[in-house]
Amino acid sequence: MASSAAGCVVIVGSGVIGRSWAMLFASGGFQVKLYDIEQQQIRNALENISGCPNIQEAVEGAMHIQECVPEDLELKKKIFAQLDSIIDDRVILSSSTSCLMPSKLFAGLVHVKQCIVAHPVNPPYYIPLVELVPHPETAPTTVDRTHALMKKIGQCPMRVQKEVAGFVLNRLQYAIISEAWRLVEEGIVSPSDLDLVMSEGLGMRYAFIGPLETMHLNAEGMLSYCDRYSEGIKHVLQTFGPIPEFSRATAEKVNQDMCMKVPDDPEHLAARRQWRDECLMRLAKLKSQVQPQ
Ligand code: NAI
């Protein structure tokens, strides 16, 4: 296979996330090879990218391997052990896992210094964030190289300095889900009004600035914000309750409200996802226009 000047990237697992990575790397000028145990998965993904049913051949000449097989620790460990035995000292072994810890995924690998988690957000071509999470023995050059590679294909990498359950994005997301669930369960707000608070309120600014910069701008800088508001925030935080049970009764109540807007049959869900992706595409375009590069 001819290799491009940028280098060759191998995608292991060509499902939803593997295909998205393939498109991103291909549009970044990289030669991309897809490996999957399901031939049909490769055929479906193969419009501009080449497929390979043999892992040894697939990784030959690669500078980066992005693993995208299902979220199953034993399966991923098996794949990494296999890759570990056939790669050289230069290629980076990267996992797309959403929540498996690098210390578990890469434990005992000879090439552990070359291993890293690069966790994308779905759909990756409209939501550019990639969380980079190292194993305690990952070499700093592996983090730097992966960071540079992600930037090169138009993604927005960020470094998680130490592994933690849920990494950073899901910890923030779960904190929001937890309080959203409690507010609905306690009858303080309806499910659809709760969602409005995010889509018409917090989310409007969070697409451009994060919670810490929001604090900084909402007073005369961070120190002034803390002087003015930290006692009030602590007072409210003390009223937060324990982790919700996600009871069936509340799930049914939320589901009923959600289904009034989007019935939960495959057609309606697919149409709403498509609408969401179109909105994200427009937002991404707007952000590229308003933010200096
Ligand atoms: P998926 O189920 O759509 O695709 C998995 C693919 O792996 C399938 O094509 C399957 O045939 C292939 N596969 C299974 N065993 C294999 C093996 N031994 N060797 C090679 N290929 C194999 O899964 P999806 O959604 O693409 O997720 C992949 C990873 O990405 C997971 O770790 C997931 O947590 C992570 N992720 C998923 C996100 C999502 O929203 N779907 C978002 C961020 C990360």
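Please refer to the structure higher up on the page.
Residues numbered from 1 in each chain as written. Predicted model: local features only at pLDDT ≥ 70, side-chain atom pairs only at ≥ 80, totals over all residues. Heavy atoms only, no water.

Colleague: So what's going on with the overall build of the protein? Residues and values would help.
Modeller: Counting its secondary structure elements, the protein contains 12 helices and eight strands. The principal-axis extents of the C-alpha atoms in the protein amount to approximately 60 × 45 × 40 Å. Here the protein holds 293 residues, and the buried ones make up 37% of them. For the protein, contacts bridging at least 24 residues in sequence account for 61% of all contacts bridging at least 6. Accessible surface, the protein as shown: approximately 17,400 Å² in total, 58% of it carbon and sulfur. The average position of the 28 basic charges and that of the 34 acidic charges among the side chains of the protein differ by 5 Å. (Helix = DSSP H or I, 4+ residues; strand = E, 2+ residues; numbered from the N terminus. Buried < 20%, exposed > 50% of the residue type's maximum accessible area, 1.4 Å probe, protein only. Contact = heavy atoms within 4.5 Å. Areas by Shrake-Rupley, 256 points an atom, 1.4 Å probe, with all protein chains shown as cover. Lys, Arg positive; Asp, Glu negative; His and termini not counted. Charge placed at Lys NZ, Arg CZ, Asp CG, Glu CD.)

Colleague: So what's going on with the site of the ligand? Which residues, and what values?
Modeller: Neighbouring the ligand are 23 residues; Asp-36, Gln-41, Glu-71, Lys-76 and Ser-98 lie closest to it. For the ligand, an oxygen atom lies 2.4 Å from a polar atom in the side chain of Glu-71. Within the side chain of Ser-98, a nitrogen or oxygen atom sits 2.7 Å from an oxygen atom of the ligand. Bound to the protein, the ligand loses 79% of the 840 Å² it would expose on its own. Within the residue set of the shell around the ligand, elements represented by two or more residues are helix H1 (16–27), helix H4 (73–86) and strand E6 (115–120). (Near = heavy atom within 4 Å. Polar contact = N/O pair within 3.5 Å; in protein donor to acceptor, adjacent residues only side chain to side chain.)

Colleague: I'd like a description of the packing of helix H7 (residues 169–185) against helix H8 (residues 191–206), backed by residues and values.
Modeller: Between H7 and H8, whose axes approach to 10 Å, the crossing angle comes to 145°. In this structure, H7 meets H8 at a crossing whose hand is right-handed. Each of Ile-176, Ala-180, Leu-183 and Val-184 in H7 lies in contact with H8, whose residues at this interface are Pro-191, Leu-194 and Met-198. Partitioned by chemical class, the residues of the contact of H7 with H8 number seven nonpolar, no polar and no charged. (Axes fitted to C-alpha atoms, helices over the stretch in contact; angles between N-to-C directions. Left-handed = near helix turned anticlockwise from the far one by under 90°. Nonpolar A, V, L, I, M, F, W, Y, C, P; charged D, E, K, R; others polar.)

Colleague: Could you give me a rundown of the sheet that holds strand E5 (residues 92–95), with the residues and numbers involved?
Modeller: Strand order across the open sheet formed by eight strands is E3-E2-E1-E4-E5-E6-E7-E8, with mixed pairing between neighbours. Both outer strands of the open sheet, strand E3 (50–51) and strand E8 (156–159), are each paired with one neighbouring strand and no more. Alignment of E6 against strand E7 (residues 129–134), held across five bridges, turns out to be antiparallel. In the sheet register, Val-117 faces E7, and the bridge partner there is Val-133. Against the sheet, H4 contacts strand E1 (8–12), strand E4 (62–67) and E5, and its axis sits at roughly 170° relative to E5. (Pairing = 2+ DSSP bridges.)

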